Amino acid sequence: AKKTFLKPYNIDANLVSNQQITTIHTEKITGKKASQKMDLNAFLATKETPKKESEIIKNWSVAPTFGVLQSNSFSNTSPIAEDLANTTTGENSFSYGLQVGYKLNKRWTIQSGIHLQEMKYSNNQISVYPSEIATMQSVAFNDNNSISFNNTVTESLSIRSNLFTILAKSKGNLSQNFGYIEIPLEMKYNFSNNTKIEAQLVTGFSSLFLEKNKVILNTFNTTSTGELTNLNNINFSGNLGFDFNYFLNDNWSLNINPMFKIPLNTFKTEANNFAPFNLGIYSGIKYQF
């Protein structure tokens with residue numbers, strides 16, 4: 001019998017043949033040449049790698065604020081009476097409210113809000129005496145008494161010759177308290193590149209709406225209350241200061257805001273050239289979203 005030998009199977013040839021067939025089919029489907037074959041690993045990598053989430057931009061911020069204010073004046077006069085010159089001193093007062101900001105870009109932010117603020121002044125150890133013609137025309141007391149003042153407790157008889165007036169004269173303390181609803185409109189410029197601490201220059205103005213007007217006169221035996229008659233109901237102030245934020249995380253930061261504010265339209269009539277201003281330190285916790 002004739003022996004039959006198995007023909008050796010050329011594995012390499014068949015692999016090449018299969019590769020050529022695959023290439024032909026790929027070319028028919030994609031219309032691309034085999035030389036432009038896509039790297040399989042690169043293709044899978046592009047499919048499996050998730051896209052990075054876009055960075056969330058926090059443009060808005062809101063902060064409840066509390067401030068300690070020091071009222072003062074550029075002049076040594078008094079808005080109440082000319083006789084009280086050189087005795088008016090500023091007192092500490094408070095402010096609290098809500099501040100809202102919108103970041104225009106990396107450097108600039110616009111902010112507004114609503115605050116309650118007070119300005120306080122006092123005249124201590126002044127001479128108080130009844131008078132037919134009051135030297136304090138800008139104050140209306142509730143008891144309708146006419147009162148005059150002198151800024152010292154001693155007075156010569158040649159100036160006040162009425163003996164009853166001299167005997168009735170007493171020491172007294174006078175306080176003035178003006179309260180406003182404040183609505184600021186301010187711009188802030190960020191001059192810091194630190195990611196943990198933000199430092200900004202603040203400038204702008206505030207609209208002030210009078211909501212408290214109180215004058216109190218205390219002597220050893222009486223207390224009289226009234227109000228100033230020459231205050232404008234609507235006032236404005238120029239504002240200048242700094243804003244510092246210490247970031248606790250992406251959303252929360254501690255805020256410190258020293259401000260200098262000058263009221264521009266406080267009185268509607270002559271007030272002895274009295275020129276008030278406020279120095280304040282505001283603080284709060286800011287939330288950004």
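Residues numbered from 1 in each chain as written. Predicted model: local features only at pLDDT ≥ 70, side-chain atom pairs only at ≥ 80, totals over all residues. Heavy atoms only, no water.

**A few points about the overall build of the protein chain**
In terms of regular secondary structure, the protein chain is built from 3 helices and 12 strands. Summarising the internal contacts of the protein chain: among those between residues at least 6 apart in sequence, 72% fall at separations of at least 24. Of the accessible surface of the protein chain, which amounts to about 18,200 Å², a share of 58% is contributed by carbon and sulfur atoms. (Helix = DSSP H or I, 4+ residues; strand = E, 2+ residues; numbered from the N terminus. Contact = heavy atoms within 4.5 Å. Areas by Shrake-Rupley, 256 points an atom, 1.4 Å probe, with all protein chains shown as cover.)

**Overview of the packing of aromatic side chains**
In this structure the tally under the stated criterion is 13 aromatic pairs. Both rings, one in Phe-66 and one in Phe-94, keep their centres 5.8 Å apart while their planes meet at 25°; by these two values the pair is stacked. In this pair, Phe-66 is assigned in strand 1 (residues 60–73) and Phe-94 in strand 3 (residues 92–103), connecting sequence segments 28 residues apart. Ring geometry for Phe-191 versus Phe-242: centroids 6.5 Å apart, planes at 85°, classification edge-to-face. Pair noted here: Phe-191 is in the loop between strand 7 (170–190) and strand 8 (197–219) and Phe-242 is in strand 10 (residues 234–247), with a separation of 51 residues, a long-range link. Judged by relative accessible area, which is 43%, Phe-191 ranks as partly exposed. (Phe/Tyr/Trp six-rings, centres within 6.5 Å; stacked < 30°, edge-to-face > 60°. Buried < 20%, exposed > 50% of the residue type's maximum accessible area, 1.4 Å probe, protein only.)

**Overview of the nonpolar core**
Core analysis: the biggest nonpolar cluster contains 21 residues, and Ile-80, Leu-174, Phe-178, Val-215 and Leu-228 have the highest contact counts within it. Examining the composition of this core, we find that 4 residues originate from one element, strand 4 (residues 108–130), more than from any other. Residues in contact with Val-215, not counting those within four places in the same chain, are Ile-80, Val-139, Phe-141, Leu-174, Ser-175, Gln-176, Ser-224, Thr-225, Gly-226, Glu-227 and Leu-228. (Core = buried A, V, L, I, M, F, W, Y, C linked by side-chain atoms within 4.5 Å.)

**Thoughts on unusual backbone geometry**
Its identity as a non-glycine residue notwithstanding, Gln-125 has a phi of 55°, on the positive side. The class for Gln-125 is partly exposed, based on a relative accessible area of 42%. Its identity as a non-glycine residue notwithstanding, Asn-272 has a phi of 55°, on the positive side. Looking at where Asn-272 falls in the secondary structure, it is placed in the loop between strand 11 (252–263) and strand 12 (276–288). By relative accessible area, Asn-272 is classed as partly exposed at 22%.

**Comments concerning the confidence of the model for the protein chain**
When the pLDDT values of the protein chain are averaged, the result is 80; 70% of them are 70 or greater. Predicted confidence for residues 32–36 stays below pLDDT 50, and this span has 4 contacts to residues more than four positions away or in other chains. Scored below 50 in pLDDT, residues 153–167 shows 16 contacts in the model against residues more than four places distant or in partner chains. (pLDDT = per-residue confidence, 0-100.)

**Section: the environment of Ile-147**
Structurally, the position occupied by Ile-147 is in strand 6 (residues 147–150). When the C-alpha atoms of Ile-147 and Val-128 are compared, they prove to be 6.9 Å apart, with 19 residues separating the residues in sequence.

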